[in-house]
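Chain and residue survey
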Amino acid sequence: MSFASETKNELARIVPEKKCCMLAEIAAFIRFSGSVGLSGGGRFRIVMTTEYNAIARHYRILIKQYFSVDAEIEVEYSGTLGRRRFILVIEPEQSAEQILRETGMLMVREGFNYITDGIYGGLIRTKCCRKAYLRGAFLAAGTMTNPEKAYHFEIKAGTETLAHDLRRLFNAFADIHALVSHRKQGYFVYLKRAERILDILAIMGAHTQYFAYEETRLTKELRNEANRRSNCDQANIDKSLAASERQIRQIRSIAETRGLSSLPEKLRQVAQVRLAHPEVSLAELGSMLTPPLKKSGVNSRLRRLAEIAEEIPSAGKDRSARS
């Protein structure tokens, strides 16, 4: 089961304690997953669709508790894999028009009914109702990526107006900063940062999934940090080995042309120890000298050996030119 599915299953078990929150959540679910059709005589019919049986049962119970209406649940199978969709239907004789009016979806203008767009402000006056509305919107049209893979949370909105209203609802909570994107499939309100997704999970009431998300995020970040350090350590090892090989070439060049005996005692000692121990670090190299030398001192002497080695080819060229 995906992380989004587990989150929806947890949220579908939450029953709002207040009637106002119950209405806000029902209204969000109808707005984001429902459609309104006309039946005979110009009467209204509400149809809501979800892929989750638990969600269908949840809203059937909420609608029964708030409106005293028994919404019908139909099951529709589609595709070769037999995917199911659960459809809640509220018929005209089940007070569909009154439900649309109370949820702010049906209003009157100049004597005519019209279906509204966006989020009805009367539903989200209080913080608890705003949380319930977000929960309903996510259960209707939300999804999220497994935090093991990426940090992404989004809710699909049918219209641009609804998307921007939902973004404002998100951003009414501190430090959320949701954004809107437009794709071929429609408008999406989304979050990309793990901290903001965690906040939304807590706001909606998905506390179990909050801790699961946080644990996955921390494990992922610790693993990434360990990988970065490992890569850094390996890069340092490679760099040290390359430097050691270069130093040995330079010392051998001096030995073959001038001889190590031509070097001052301090430089000769460093050269001999480096040739004998090509794999050790500068700090270890310094501990092998008599008297022991710090890393900076060893590095200084190796730089002097490099300068001497660089002078050898030019000296040879000068002798060839004079001859």
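Everything that follows concerns the structure shown earlier in this document.
These remarks concern the structure in this document. (Residues numbered from 1 in each chain as written. Predicted model: local features only at pLDDT ≥ 70, side-chain atom pairs only at ≥ 80, totals over all residues. Heavy atoms only, no water.)

Counting residues in each nonpolar core, the largest one holds 71 residues, and the members touching the most others are Phe32, Tyr133, Phe153, Leu166 and Phe170. If one sorts the elements of this core by residue count, helix H2 (residues 19-33) sits on top with 10 residues. Each residue touching Phe153, except ones within four places of it in the same chain, is listed here: Phe138, Thr143, Met144, Phe170, Val189, Tyr190, Leu191, Ile197, Ile200 and Met204. In this structure, Ile251, Leu263, Ala271 and Leu285 belong to the second largest nonpolar core, which totals 18 residues. (Core = buried A, V, L, I, M, F, W, Y, C linked by side-chain atoms within 4.5 Å. Buried < 20%, exposed > 50% of the residue type's maximum accessible area, 1.4 Å probe, protein only. Helix = DSSP H or I, 4+ residues; strand = E, 2+ residues; numbered from the N terminus. Contact = heavy atoms within 4.5 Å.)

With that settled, the discussion passes to helix H7 (residues 194-204). With 8 of its 11 residues buried, H7 lies for the most part within the structure. Regarding H7, the residues found buried are Ala194, Arg196, Ile197, Leu198, Ile200, Leu201, Ile203 and Met204.

For the coordinates displayed, the defined rule picks out 8 aromatic pairs. With a centroid separation of 5.4 Å and 70° between ring planes, the pair formed by Phe3 and Tyr213 is classed as edge-to-face. Separated by 210 residues along the polypeptide, Phe3 in helix H1 (residues 3-11) and Tyr213 in helix H8 (residues 207-257) bring together distant segments of the chain. We note that Phe3, like Tyr213, is buried. An angle of 80° between the planes, with centres 6.2 Å apart, marks the rings of Phe153 and Phe170 as edge-to-face. Remark: Phe170 occurs in helix H6 (residues 160-171) and Phe153 occurs in strand S8 (residues 153-157); sequence separation between them is 17 residues. Look at Phe170 and you get buried, because its relative accessible area is 1%. Members of the aromatic cluster, each reached through a chain of ring pairs, are Phe3, Tyr151 and Tyr213. Positioned above the aromatic ring of Tyr114 is the side chain of Arg109, whose terminal nitrogen or guanidinium carbon lies 4.0 Å from the ring centre. (Phe/Tyr/Trp six-rings, centres within 6.5 Å; stacked < 30°, edge-to-face > 60°. Lys NZ or Arg CZ within 6 Å of the ring centre and 35° of its normal.)

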